[in-house]
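These are the residues of each chain, in order.
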Amino acid sequence: KRVQDILINLKTNECTSPSVLEPISYATLLHSLKPLLAETKINHTSKDIDFKIRSMQCAPQYRVNLNLSDFTRVISNLLNNAVQAIHQQGEVSLTLKLHGNQLQILVEDNGKGIPRRLIKKVTKNGFSYKNKKGKGLGLHHAKNVVEEIGGEFSITSEFNIGTCILIELPFM
C-alpha cells in the first residue's frame, strides 16, 4: 500500500505540490508506524539488529495535523538511515511520547554516528554523509516535511556512538 502511494505521488507530481493535512490521532499514527519497523527488519535481514518500539497509552483526543502518507515515508527513511549506520549488529528504536503540548517521535540507533562538524550539513539538499552515491535528499526532505506541518526536527549524534533524530509535533 505504501509503495503504491509513493508511485501515485510520483506519477501525479503530488510530491511537489502542498500536502493535504488532516488531524491524525495518536493511536492512528502509532498503528501506521508499527509496521514500518517490521518492514525495515525484513529488508535488512543481513544484519543482526534489535528493533524496538516504545510508546505510551494516550487519550484519543490527542491529534496531530499531518499528511499520513508523507509522514510514514519520512519515518521509513529515518529507520532505513538508522539501519545503514549500523555496521553489523546493533539497535534501532522508534519512540513516541508526550512532552507538554507536543508529540515527540525519536528514531535512535547505536551506529557509527555523525561527526559533530557535519550535523548541520546533513539536512542540506544534496549533502550525503553515509553514501557516496547518495543524492542527499532523505534528511533534507524529512526536515522539510516536519517543518511544513509546524513541527521541529533535530539531530543529536556522537561519532561511533549513535544518532537520535527528534521530531516534535504540536498537538491540535
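Shown above is the structure to which this text applies.
Residues numbered from 1 in each chain as written. Predicted model: local features only at pLDDT ≥ 70, side-chain atom pairs only at ≥ 80, totals over all residues. Heavy atoms only, no water.

## Observations concerning the pattern of salt bridges
Reasoning step 1: Under the definition given, this model contains five salt bridges.
Reasoning step 2: Between E91 and R54 there is a salt bridge; the shortest N-O distance is 3.5 Å. In this pair, E91 sits in strand β4 (residues 89-99) while R54 sits in strand β2 (residues 48-54), placing the two residues 37 residues apart along the sequence.
Reasoning step 3: By relative accessible area, which is 36% here, R54 ends up partly exposed.
Reasoning step 4: Between R73 and D70 there is a salt bridge, and its shortest N-O distance comes to 2.8 Å. (Salt bridge = Lys/Arg side-chain N within 4 Å of Asp/Glu carboxyl O. Helix = DSSP H or I, 4+ residues; strand = E, 2+ residues; numbered from the N terminus. Buried < 20%, exposed > 50% of the residue type's maximum accessible area, 1.4 Å probe, protein only.)

## Structural notes on the environment of I24
Reasoning step 1: Residue position: I24 is located in strand β1 (residues 22-25).
Reasoning step 2: Look at I24 and you get buried, because its relative accessible area is 6%.
Reasoning step 3: Considering only alpha carbons, one finds I24 and Y62, 38 residues apart in sequence, at a separation of 8.4 Å.

## Describing the packing of helix α2 (residues 26-43) against helix α3 (residues 68-85)
Reasoning step 1: α3 packs onto α2 with a crossing angle of 35° between their chain directions and a minimal axis gap of 10 Å. With respect to the hand of their crossing, α2 and α3 are arranged in right-handed fashion. Of the residues in α3, those in contact with T28, L29, S32, L33, L36, L37, E39 and T40 of α2 are L68, F71, T72, I75, S76, L79, N80 and V83.
Reasoning step 2: Taken together, the residues of the contact of α2 with α3 sort by class into nine nonpolar, six polar and one charged. (Axes fitted to C-alpha atoms, helices over the stretch in contact; angles between N-to-C directions. Left-handed = near helix turned anticlockwise from the far one by under 90°. Contact = heavy atoms within 4.5 Å. Nonpolar A, V, L, I, M, F, W, Y, C, P; charged D, E, K, R; others polar.)

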